[in-house]
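# Coordinate analysis (summary)
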Amino acid sequence: MSTEDLSRSSNEEVITEIEKISVNSPVIKIGTFTKIPNVINDALTFFKKGEKELVLKSMGNSIGKLIVVVEHLKVEKRLFSKYIISNEEVKSSKFNNEIDYFPKMEIILRTY
């Protein structure tokens, strides 16, 4: 079995795991211009409404913001977390359809 087959099977497992977990869970996406206090406030609002699970997603340079938010929430609300790291393939139209890879991170937070 080649390394390509191994990576393909692990990526498929990750995708099915994400689909199982995040079907009914609210999702917050964090981008470059997203403000950290707003995300923390939104996440706390979801948990106050009775949600048991929350999915936070980020890509590229905003992964640092995602980690700051999650660590703050874990301390404040005592949550379990599951980290899922992958790469996103993006075709660049500016440079002769070259393929770029961007890091992508999804974190699932659960209450006790």
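Coordinates for the structure precede this section.
Throughout what follows, the structure given in this document is the object of discussion. Source: prediction; values computed, not measured.

## What about the nonpolar core?
Membership of the largest hydrophobic core comes to 18 residues, with the highest contact counts inside it found for Leu56, Leu66, Leu73 and Leu109. Those elements that provide at least two residues to this core are β1 (27-30), α2 (36-48), β2 (53-59), α3 (63-77) and β4 (98-110). Not counting residues up to four positions away in its chain, the partners in contact with Leu66 are Ile30, Leu56, Lys57, Ser58, Met105 and Ile107.

## Observations concerning the packing of α2 against α3
At a minimum axis distance of 10 Å, the contact between α2 and α3 shows a crossing angle of 45 degrees. Overall, the two elements α2 and α3 adopt an arrangement that is oblique. Taken as a pair, α2 and α3 cross one another with a handedness that is right-handed. Where α2 abuts α3, its residues Ile36, Val39, Ile40, Ala43, Leu44 and Phe47 lie against Lys65, Val68, Val69, His72, Leu73, Glu76 and Lys77.

## Overview of the environment of Lys74
Residue position: Lys74 is located in helix α3. Those residues within four positions of Lys74 in sequence are excluded, and the remaining contacts are Leu79, Ser81, Tyr83 and Leu109.

## Focus on unusual backbone geometry
As a rule of thumb, non-glycine residues mostly have phi less than zero, and peptide bonds are mostly trans rather than cis. Even without being glycine, Arg78 reaches a positive phi, approximately 55 degrees. In this fold, Arg78 is placed in the loop between α3 and β3 (80-92). Given the relative accessible area of 60%, Arg78 is considered exposed.

## Focus on the pairing of β1
Side chains Ile28 and Ile30 of β1 all project onto a buried face; the interleaved residues Val27 and Lys29 project onto a face where none is buried. Note that the unit made of β1, α2 and β2 has a crossover that is right-handed.

## Some details on α3
Given 3.6 residues to a turn, an α-helix orients residues that are three or four positions apart in the same direction. The terminal C-alpha atoms of α3 lie 21 Å apart, and with 15 residues this matches the ideal 21 Å at 1.5 Å per residue to within 8%. For α3, the complete set of buried residues consists of Ile63, Leu66, Val69, Val70 and Leu73. Down the axis of α3, the smallest arc covering the buried residues is 120 degrees, so these residues share one side. Among the structural elements, β1, α2, β2, β3 and β4 are those in contact with the buried residues of α3. Residue Arg78 follows α3 closely and has a positive phi angle near 55 degrees.

## Brief notes about the sheet that holds β2
Spatially, the four strands line up as an open sheet ordered β1-β2-β4-β3, and their pairing is mixed. In this open sheet, the two strands that pair with only one neighbour each are β1 and β3. Averaged over neighbouring strand pairs, the angle between their axes works out to 20 degrees when direction is ignored. Examined bridge by bridge, β2 and β4 share seven bridges and lie antiparallel to one another. Residue pairing for β4: Ser58 is matched across the bridge by Met105. Packed onto the sheet, α3 meets β1, β2, β3 and β4 and runs at close to 5 degrees relative to β4.

Conventions used here
Residues numbered from 1 in each chain as written. Predicted model: local features only at pLDDT ≥ 70, side-chain atom pairs only at ≥ 80, totals over all residues. Heavy atoms only, no water. Core = buried A, V, L, I, M, F, W, Y, C linked by side-chain atoms within 4.5 Å. Buried < 20%, exposed > 50% of the residue type's maximum accessible area, 1.4 Å probe, protein only. Helix = DSSP H or I, 4+ residues; strand = E, 2+ residues; numbered from the N terminus. Contact = heavy atoms within 4.5 Å. Axes fitted to C-alpha atoms, helices over the stretch in contact; angles between N-to-C directions. Parallel < 35°, antiparallel > 145°, perpendicular 65-115°, else oblique. Left-handed = near helix turned anticlockwise from the far one by under 90°. Right-handed = clockwise from strand over helix to strand, strands pointing away. Expected span 1.5 Å × (residues − 1). Arc of directions from axis to C-beta. Pairing = 2+ DSSP bridges.

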